[in-house]
Every structure is written in structure tokens, then in C-alpha cells.
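Topology and contacts: notes
Here is what each chain is made of, one letter per residue.
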Amino acid sequence: MLEWSDVDLAVRDAVREFVDKEIRPHVDALESGEMEPYPIIRKLFATFGIADMARESLNKRLARLREGGESAGKSSGGGGMFGGGSGGMGFVVVSELCKVSMGIVTGMGVSLGLTVPTIQSRGTLAQQERWLPDLVTYDKIGAWAITEPDSGSDAFGGMKSYVVRDGDDYILNGQKTFITNGPDADVVVVYAKLDEGDGADKRNRKVLTFVLDKGMEGFVQSKPFRKMGIHSSRTGELFFNNVRLGRDRLLGETEDSSSGDGRASARSNFSAERIGVAAMSLGVIEECLRLCVDYAKTRKLWGQEIGQFQLIQLKLANMEVARMNVRNILFRVIESAEKGQPISLPEASAIKWYCSQAATDVAMDAVQLFGGNGYMTEYRVEQLARDAKSLMIYAGSNEVQITHVARGLLSDD
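The sections below set out a description of the structure shown in this document. Note that the structure is predicted; figures quoted are calculated from it, not measured.

1. Regarding the pairing of strand β1 (residues 142–145)
Here β1 shows two buried faces, one formed by Gly142 and Trp144 and the other by Ala143 and Ala145. With 4 bridges connecting them, β1 and strand β4 (residues 187–194) associate as parallel partners. Looking at the pairing, tryptophan 144 lines up with valine 189 of β4.

Here it is as C-alpha cells:
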């Protein structure tokens with residue numbers, strides 16, 4: 001695949017029309033927090049029938065599970081932000097939205113691309129019936145809580161949130177931070193270590209995965225953080241103070257390691273999250289390039305358009321090379337999915353590392369090309385630069401991605 005399909009292009013044009021009508025006029029309100037992003041996402045789902053398609057797909061899956069045609073703990077190829085089998089369409093939607101408001105994509109991606117697949121792949125039939133119907137349609141907002149104040153990229157080793165058994169229940173204590181949708185989420189997937197009081201190394205204790213609902217006793221969701229970028233994505237902290245969890249909230253309803261330690265499900269999500277950065281990066285790069293080309297044609301200095309200066313041409317040429325590289329990486333991802341060949345974690349890390357760095361470099365060059373105007377909010381490139389920087393930290397810092405790439409090269413497999 002070297003070009004978008006006709007269907008992909010039709011979707012792109014339709015999404016662009018929606019973005020121009022429903023999002024661009026409200027960017028300032030989204031950036032200031034005056035407007036929440038969730039109603040816009042629900043309107044997007046209604047406009048393009050995404051909610052109806054997701055509901056129909058889920059109902060078919062649940063019917064197969066009830067008939068015993070599929071194991072409850074297995075994914076049927078769905079998951080991701082818009083489910084499986086969509087080719088490049090999901091990526092097209094993501095990149096178009098990221099041109100205007102990356103925060104909308106971040107919030108949507110965590111709910112649909114992390115929360116939903118975790119419950120789908122690890123939950124029992126009853127658990128999927130309980131939580132997925134409202135999540136896949138975005139009637140309810142999901143969050144995925146793994147990061148903690150003292151762990152960062154050492155997500156499992158540094159994890160301090162823990163559960164202890166109390167009869168048939170568990171008692172959860174701890175804290176999570178930098179949680180996308182955290183302040184508003186209706187449903188939260190939480191990773192915590194099992195404290196069996198056996199003196200085992202705390203870094204290597206079993207990780208269990210639970211589902212919490214908003215308003216549970218002892219469960220507190222903070223107000224949104226103030227951040228450098230992605231302002232339309234609401235990020236916060238979660239606090240757990242003796243939260244009682246029945247076994248029905250333990251995904252899979254078993255601690256049996258044969259169903260997979262919580263680490264395994266999280267790592268599978270890491271790959272999907274990192275691959276998604278390619279589509280987000282492409283949106284940023286394409287919007288920066290469009291704005292810069294238009295500006296270079298209209299801005300005059302010393303009696304001529306600045307696009308006539310070689311240093312400006314160099315910046316534009318570098319942006320175009322970055323666009324081509326990131327787009328081709330995305331095509332590689334789409335082709336792999338169509339062939340049923342999943343991207344490995346080291347390759348996903350390489351994709352995330354390169355694309356996020358490319359997007360950040362392009363966005364910073366865009367600010368420079370605009371000069372003083374680039375530092376002003378009304379010209380929008382400063383927002384793109386702030387948002388792009390988050391991609392170098394989001395889904396694991398780029399320093400950690402480098403480690404994963406190198407380990408993949410040095411492994412004996």
C-alpha cells in the first residue's frame with residue numbers, strides 16, 4: 001500500500017468537513033477548558049454512525065460468546081480505537097482530528113483504544129456485558145490507570161498501588177497520576193499489585209487488573225491538571241483509599257496466571273498505543289506543512305515572499321520529507337494489520353520514537369518559520385508545537401523506546 005484507498009480519501013474529506021464545522025470554531029474554548037471534548041466526540045460518532053457500528057459489532061461478539069463460539073478472554077480482532085478490519089480509516093480519522101485538536105484524539109484513544117480492549121480481551125462474558133455497551137459507543141468515558149507518581153516509565157517495577165485479599169473481596173490502596181480522562185471517567189481499568197504479605201520482592205509481585213466505577217466509596221478523581229499542551233484532553237490523578245472490590249471487578253475473575261498476568265495485557269496495549277502515535281504525528285506534520293506553505297507564499301520581507309529564501313525552502317523541504325516518511329510508516333502498519341502480522345513491541349517503539357520526534361521537529365520549525373507570529377496563539381502553530389511535544393512523552397518516553405529498540409536488536413530470538 002503506497003496510497004490511501006478511495007474509501008480512505010472519502011472518509012478523510014468527510015471528517016475534514018466535520019472538523020471545519022464542529023471543532024475549528026471551538027478550538028479556543030477547548031484549549032481553555034471552557035468546553036469539554038466529550039460532546040464533540042459523541043457528535044462525531046453520531047454523524048458517522050460510529051456508535052451504531054460499534055454497538056452492532058459488540059452485540060455480534062457477545063452473541064458468539066454466549067453460544068460458546070469464542071472464549072471470553074480472547075479478542076476477536078476488534079479493539080483499537082475503531083475496532084479491527086477498518087484498514088486505514090481509523091488512522092485517517094485520527095490524523096485529521098490531530099491537525100486541529102490532539103487532545104480530543106488522546107481522550108478518545110484512551111477510552112476506546114485502551115480501556116475497551118483490556119476489558120474485551122481479559123473480561124468474562126458477564127464483565128463484557130456489564131461495561132462494554134456504554135463504552136464502545138462513548139456514552140460512558142473510560143480511563144486506563146497504570147502510571148504512578150514514583151514509577152513513570154518503570155510502570156511495573158515502581159508500582160506501589162496494591163490490593164490485599166479480604167475474604168472473597170480485595171481492598172485497594174494507592175494512587176495513579178497523569179491519567180487521561182481521569183477527572184471525568186465513568187469506568188476505570190486499574191492495575192495494582194497483589195500484596196500477599198509473604199515478603200516477596202515488591203517489584204516482582206503479581207499484577208492484577210480491576211474495573212472501577214465512578215463514585216465508589218474511597219475512590220477519588222482529582223480536578224484536571226494544567227498542562228503544557230493537549231489542553232482539550234483532561235488529565236488528572238486517581239486516589240484509592242481502602243476501596244472494596246468484589247471478585248466480579250477482577251478482570252477474568254481469577255488470579256490464575258494461565259490467564260495472563262496484568263503485565264501481559266498492559267504490554268499488548270503499549271504496542272497499539274505506540275503505533276497510534278504515527279497517525280497522530282502525521283496529522284501534526286501535515287497541518288504544520290499546510291500552514292507553513294500558505295504563510296511562505298503570503299508573508300513578504302524585503303519585497304518578496306519568504307518562500308523565495310533558501311532557508312525557508314529548506315524548512316519546507318524537511319517537513320515534506322518527514323511527512324513522506326511518517327506516512328509510509330503508517331502504510332507499513334496498515335499492511336501488517338491486513339496481513340495479520342502484528343507489529344512487534346520493538347518495532348512499535350521504533351515507530352513511536354521516530355514519528356514523535358519528527359512531529360516535534362516539524363512543529364518547532366513551523367514556529368520558527370512564522371517568526372514572532374508563530375509565538376502567537378492565533379496562528380495555531382504554537383499549539384501544534386505544544387501538542388507535538390507530548391508525543392515524545394506519551395505512551396512511554398522516547399528514551400524508553402530507544403531501550404526497547406536496542407533490546408530487540410540484541411535479543412537472541
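There is more to say after this.
2. Focus: the packing of helix α5 (residues 89–98) against helix α6 (residues 102–122)
Axes are the key here: two packed helices are described by the angle between their axes and the distance separating the axes. It is at 7 Å that the axes of α5 and α6 come closest, and there the two elements cross at 140°. Compared by their axis directions, α5 and α6 come out oblique. Of α6, the residues touching α5 (which contributes Val94, Leu97 and Cys98) are Met102, Val105 and Met108. A class-by-class count of the residues in the contact of α5 with α6 yields 6 nonpolar, no polar and no charged.

3. Focus on the pairing of strand β3 (residues 169–180)
Bridge analysis of strand β2 (residues 162–166) against β3 gives 5 bridges, and the strand direction is antiparallel. When the bridges of β3 are listed, tyrosine 162 appears paired with asparagine 173.

4. Some words on the nonpolar core
Nonpolar side chains tend to gather and get buried jointly when the protein is soluble and globular. Judged by nonpolar contacts, the single largest core of 98 residues is most densely connected at Ile23, Phe45, Ile119, Trp144 and Ile146. Sort the elements by how many residues they give to this core and helix α8 (residues 262–298) lands first, with 16 residues. Ala143, Tyr170, Ala185 and Phe240 belong to the second largest nonpolar core, which has 21 residues in total.

5. Section: helix α3 (residues 38–48)
All of the buried residues along α3 are Tyr38, Ile40, Ile41, Leu44 and Phe45. For α3, the angular spread of buried residues about the axis comes to 165°, placing them on one side. The inward-facing, buried residues of α3 contact α1 (6–22), α2 (27–32), α4 (50–66), α5, α6 and α7 (125–136). Trailing α3 by a residue or two, glycine 49 shows a phi angle of about 70°, which is positive.

6. Some points on the layout of surface pockets
Volume-wise, the second largest pocket comes out at about 1100 Å³. Thr147, Ile393, Tyr394, Ala395 and Gly396 are, among the 37 residues lining the second largest pocket, the residues nearest its centre. Considering only residue class, the lining of the second largest pocket consists of 17 nonpolar, 11 polar and 9 charged.

7. Here we look at the side chain of glutamate 286
Note on placement: glutamate 286 falls in helix α8. In terms of polar contacts, glutamate 286 uses its side chain to reach the side chain of lysine 99, at 3.2 Å. In this structure glutamate 286 touches Glu96, Lys99 and Arg323, once residues within four positions along its chain are discounted.

8. Brief notes about unusual backbone geometry
One non-glycine residue with positive phi stands out, namely isoleucine 230, at about 35°. Tracing the backbone through its elements, the reader meets isoleucine 230 in the loop between β6 (219–221) and β7 (235–245). Its identity is not glycine, yet arginine 380 carries a phi of approximately 75°, on the positive side. Along the chain, the position of arginine 380 falls in the loop between α10 (345–370) and α11 (381–391).

9. Brief notes about α7
Given a rise of 1.5 Å per residue, 12 residues ought to cover 16 Å, and the 15 Å separating the end C-alpha atoms of α7 matches this to within 8%. The complete set of buried residues in α7 reads Gln127, Gln128, Trp131, Leu132, Leu135 and Val136. Viewed along the axis of α7, the buried residues span an arc of 115°, placing them on a single side of the element. The secondary structure elements touched by the buried residues of α7 are α3, α4, α6, β1, β4 and β5 (207–213). The first or second residue beyond α7 is tyrosine 138, which carries a positive phi of 70°.

Scoring rules and cut-offs
Residues numbered from 1 in each chain as written. Predicted model: local features only at pLDDT ≥ 70, side-chain atom pairs only at ≥ 80, totals over all residues. Heavy atoms only, no water. Buried < 20%, exposed > 50% of the residue type's maximum accessible area, 1.4 Å probe, protein only. Helix = DSSP H or I, 4+ residues; strand = E, 2+ residues; numbered from the N terminus. Pairing = 2+ DSSP bridges. Axes fitted to C-alpha atoms, helices over the stretch in contact; angles between N-to-C directions. Parallel < 35°, antiparallel > 145°, perpendicular 65-115°, else oblique. Contact = heavy atoms within 4.5 Å. Nonpolar A, V, L, I, M, F, W, Y, C, P; charged D, E, K, R; others polar. Core = buried A, V, L, I, M, F, W, Y, C linked by side-chain atoms within 4.5 Å. Arc of directions from axis to C-beta. 1 Å grid on protein atoms, 1.4 Å probe; cavity = no way out; pocket = protein on both sides within 12 Å on 5 of 7 lines; lining within 4 Å. Points joined across faces, edges and corners; volume = space filled by probe spheres on them. Polar contact = N/O pair within 3.5 Å; in protein donor to acceptor, adjacent residues only side chain to side chain. Expected span 1.5 Å × (residues − 1).

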